[in-house]
Amino acid sequence: MAKRREEEHRIDNEEVARVLDEIGDLLEILGESSFRVGAYHKAAMNIRSMPRSIRDVYESGELQKIPGVGAHLAERIGILITTGKLPYLEDLKKKVPPSLTELMSIPGLGGKKAKKLYDELNVTSIAELKRAIEKHELRDLPGMGAKTEENIIRGIRQLEQLSARTLLFQALPISEEIVNQLRARPFVKRVDAAGSLRRLKETVGDIDLLCSSAEPRKVMDYFTSLPQVAYTIARGDKKSTIVVTSGYQIDLRVVAPEEFGAALQYFTGSKSHNIHVREIAKKHGLKINEYGVFKVDTNERVAGATEDEVYGYLGLDTPPPVLREDRGEIEAAAEHRLPRLIELSDVKGDLQMHTNATDGVDKLEAMIEMARSLGYSYICITDHAERLYVAGGLTEKELREEYERIDRLNESYDGFTILKGIELNIDNDGDVDYPDSFLAEMDVVIGSIHAGFNQPKSQLTGRMVKAMENPHIDIIAHPTGRVLGKRPAYDIDLPTVFKVAAETGTVLELNSFPDRLDLRDDYLMDAKFNYGCRFAINTDAHNVNHLRYMRYGVATAQRGWLERKDVVNTHPLKQMLMMLK
DNA sequence: GCCGTTTTCGGCCCGACTGTTTTCAGTCG
């Protein structure tokens, strides 16, 4: 049976992407051409964000239709899918210790330094690197010095802090798949994700699932024999833990149906929310735990089957899980004034995306087609402006040509509009790529900081303020520049930014890319409630599938208490344009 | 390693920044 399972080992898109990324990293360490290295990473990116399963694509013989996958990669992916192994990768691992790729995840350390550390000091892991730095062995190597040691140490610290959690967009599909599988079983009454996943936090720890059933044993038999199980860590009647093939650990708790609401409330958290709720219960002579609501004096159980029952018994409306951070939602629930949060279906259009005219993957027409299939009534094409050379930024002439194409395409649609936009680069002086006269012709102008992340606070803030004071710049994209797991936000004076944004009518972006989600939830709350800012939720898509990331932006918006009216791209086209400068 | 309304070969990924350096290599976006 175990052998059978191994043969059927399901390789998913994430696993294929990970293998390709690993090959790319190993090739980089081996000093291979950067184009070859890039080809592997590019294919990995496209496979990772593709909704269709890679196995499916393979079986239809359409691997080479994936952008960035040619004959060579298609063959290797095919071998990986059919055998679960890839001899090419094994060969690479013989040439260079595979753990060296771990070193490359340290910011500031790339393939060359990793190779040098291995060749000169025989360092193969982050732990060994730490020891070498403690002994000050690095500073004697050519091209490295005391400062290098310092930077690497800081990089390691950053990495440790950032990568302890998983991005929501990686965990959510895994959890949803298993929840749906469980939900389809007759012996499962209710099942839901709990914890930070249910609160749609941008990163989550473990995946916690909760289920109610009269037949826990059957549930656990089913759960521990799911096809995606790599191995089972624990198996009991109340709680089991599995590790799935993609590496994530998943806990499932089974409770009695009458306890489900209390357990769901308890395991959803957050901790601070629950503490506050329990304080309220105490004042009412009640106590709450994962089994229900009880009267303290008689120990009589008075509620617990549903969350509504639990909150209702305390005189509270049920706060949506996304708000349960003890940031005012309990007071609002008590006064029956919980906000009506923005929903994905409220979004009418997407105002930031790139095409293959610059660093995007797909054609303008393909982006349009996908946007229409998502039910949008408008989109804005915001390819990169001239001075972002790396992304192939467009000259004024090239951009005008793109706009002419857009004009022609617009003639062929009823009730769907393609807006002419740009993503400008805010330079070190706060100036941008094109003259004002050209900006004035565009529908939507976005300004972004793409360089100089390490400048002092005053300079960064000054650049952004100057950009917001530009009468043509409508939106500031990814305002803090953070990338989850990769780099922290740059040091910018947010109160000033929010104040000037509100004064100048500049819209702040909530970037939906799963590792950006920038502005993050607490900043959204601050900007909304204390400064009266307005927002745009955009995907910053670089291929058609990225357009689906809108759900993660909306999730963060909900966590930031945003309502439909706060977000410009929930409004019909004309109104939306009037809300811009 | 991918890609093609000039090309099945030769472009593609260029420039800023940092830290190490006396003129440049490595990293990153």
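Our subject is the structure listed above.
Right, let's walk through the structure included here.

Here is what the cut-offs are and how they apply
Residues numbered from 1 in each chain as written. Chains lettered and ligands numbered in written order. Predicted model: local features only at pLDDT ≥ 70, side-chain atom pairs only at ≥ 80, totals over all residues. Heavy atoms only, no water. Core = buried A, V, L, I, M, F, W, Y, C linked by side-chain atoms within 4.5 Å. Buried < 20%, exposed > 50% of the residue type's maximum accessible area, 1.4 Å probe, protein only. Pairing = 2+ DSSP bridges. Helix = DSSP H or I, 4+ residues; strand = E, 2+ residues; numbered from the N terminus. Contact = heavy atoms within 4.5 Å. Axes fitted to C-alpha atoms, helices over the stretch in contact; angles between N-to-C directions. Right-handed = clockwise from strand over helix to strand, strands pointing away.

### Some details on the nonpolar core
- Among the nonpolar cores identified, the biggest contains 59 residues, and Ile379, Ile422, Leu424, Tyr434, Met442 and Leu508 are the most heavily contacted of them.
- Judged by nonpolar contacts, the second largest core, of 48 residues, contains Val16, Leu27, Ile54 and Ile133.

### Things to note about the sheet that holds strand β14 (residues 444-448)
- Taken in spatial order, the 7 strands make up an open sheet running β11-β12-β13-β14-β15-β16-β17, and their pairing is parallel. Two strands lie at the open edges of the sheet, namely β11 (349-350) and β17 (535-538), each paired on one side alone.
- Here β11 runs beside strand β12 (residues 378-381); their pairing, made up of 2 bridges, is parallel. When the sheet's bridge partners are listed, Asp350 is paired in β12 with Ile379.
- The sheet strands contacting helix α19 (residues 396-410) are β12 and β13 (417-425), and the helix crosses β13 at an angle near 160°.

### Some words on the pairing of strand β16 (residues 507-511)
- Counting buried positions along β16 gives 5 out of 5 residues, so the element sits mostly inside the fold.
- Side chains Val507, Glu509 and Asn511 project from β16 onto one buried face, and the interleaved Leu508 and Leu510 project onto a second face that is buried too.
- Taken together, the 2 bridges between strand β15 (residues 475-476) and β16 define a ladder with parallel strand orientation. Paired with Ile475 across the bridge in β16 is Val507.
- Remark: the β15/helix α22 (residues 494-504)/β16 crossover connection has right-handed handedness.
- Looking at chain direction, β16 and β17 are connected through 4 bridges and run parallel. In the strand pairing of β17, Leu510 is matched with Ile537.
- A crossover connection joins β16 to the parallel β17 through helix α23 (residues 521-531); in handedness this β-α-β unit is right-handed.

Any functional reading would require information that these geometric values do not contain.
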